[in-house]
Amino acid sequence: MQKDDKTAACLKSFLYPDAWFPTGNKQTEETKAAILICNGCPIKRECARMVIDSLDTTYPIKTGIYAGIRLANTHSGDQGGAAGLRARYDALRKIAEMDTLA
Ligand code: SF4
């Protein structure tokens, strides 16, 4: 979730911000709604880039939903372990590198 861009769809949505930080491993209706909102977000690409850029910092983003991709569960950290997290970063990398005209 991007908090500093007023065009972010998550900031305009009817969902509570917690929807982007699911605590269980289940795919709830709220989680699905957050992912759908991300998929229509005008700054989806920038959001994915923010996560990828964080990997070079002291505090890489490891939890939450960004650009429609759910990273690890906020509390258990379990979404397929390290391999699952790597696959999700790869998916975010692809979104971040998408051509905006495509
Ligand atoms: S892609 Fe999703 S999490 Fe990122 S700014 Fe847009 S709505 Fe928020």
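Before reading on, note that the structure itself is shown above.
Predicted model only: the values in this text are computed from it and were never measured. (Residues numbered from 1 in each chain as written. Predicted model: local features only at pLDDT ≥ 70, side-chain atom pairs only at ≥ 80, totals over all residues.)

With that out of the way, let us pick up the packing of helix 3 (residues 44–54) against helix 4 (residues 81–96). Viewed as axis vectors pointing N to C, helix 3 and helix 4 meet at an angle of 135°, and their least axial separation amounts to 8 Å. Here helix 3 is positioned oblique relative to helix 4, judged by the angle of their axes. As helix 3 runs across helix 4, the sense of the crossing is left-handed. Residue-level contacts link K44, R45, A48, R49, V51 and I52 of helix 3 to Y89, L92, R93, I95 and A96 of helix 4. Taken together, the residues of the contact of helix 3 with helix 4 sort by class into seven nonpolar, no polar and four charged. (Axes fitted to C-alpha atoms, helices over the stretch in contact; angles between N-to-C directions. Helix = DSSP H or I, 4+ residues; strand = E, 2+ residues; numbered from the N terminus. Parallel < 35°, antiparallel > 145°, perpendicular 65-115°, else oblique. Left-handed = near helix turned anticlockwise from the far one by under 90°. Contact = placed C-beta atoms within 7 Å. Nonpolar A, V, L, I, M, F, W, Y, C, P; charged D, E, K, R; others polar.)

It is worth spelling out helix 3 at this point. Residues of helix 3 that are buried: K44, C47, A48 and V51. Buried residues in helix 3, looked at end-on, bunch into an arc of 100°, giving them a common side. Against the buried residues of helix 3 lie helix 2 (29–39), strand 1 (65–66) and helix 4. (Buried ≥ 20, exposed ≤ 12 C-beta atoms within 10 Å, placed from the backbone. Arc of directions from axis to C-beta.)

Looking now at the environment of T63. Topologically, T63 is positioned in the loop between helix 3 and strand 1. Measuring from C-alpha to C-alpha, the distance between T63 and F21 comes to 7.0 Å, with 42 residues separating the pair along the chain.

In this structure, C38, A48, Y66, A67 and L92 are the most contacted members of the largest nonpolar core, which totals 20 residues. Looking at this core, the elements that each hand over two or more residues are helix 1 (9–12), helix 2, helix 3, strand 1 and helix 4. When near neighbours in sequence (up to four residues on either side) are disregarded, A48 contacts Y66, A67, L92, I95 and A96. (Core = buried A, V, L, I, M, F, W, Y, C linked by C-beta atoms within 7 Å.)

For the rest of this paragraph, the subject is the site of the ligand. Among the 14 residues in the neighbourhood of the ligand, the closest are listed as A8, C10, C38, C41 and C47. Going through the elements one at a time, helix 1, helix 2 and helix 3 are the ones with two or more residues in the shell around the ligand. A breakdown of the residues in the shell around the ligand according to their chemical character gives 12 nonpolar, one polar and one charged. (Near = placed C-beta within 6 Å.)

Backbone geometry at A67 places phi at a positive 55°, although glycine is not the residue there. Structurally, A67 can be placed in the loop between strand 1 and strand 2 (69–70). Given 25 C-beta atoms within 10 Å, A67 falls into the buried group.

Side chains that are three or four residues apart share a direction in an α-helix, a result of its 3.6 residues per turn. For helix 4, which comprises 16 residues, the first-to-last C-alpha distance of 23 Å matches the rise-based estimate of 22 Å (1.5 Å per residue) to within 8%. Buried within helix 4 we find Y89, L92 and I95. Looking straight down helix 4, one finds that the buried residues subtend no more than 115° of arc, so they occupy a single side. Facing away from the buried side of helix 4 by over 90 degrees, the exposed positions are A83, R86, D90 and K94. (Expected span 1.5 Å × (residues − 1).)

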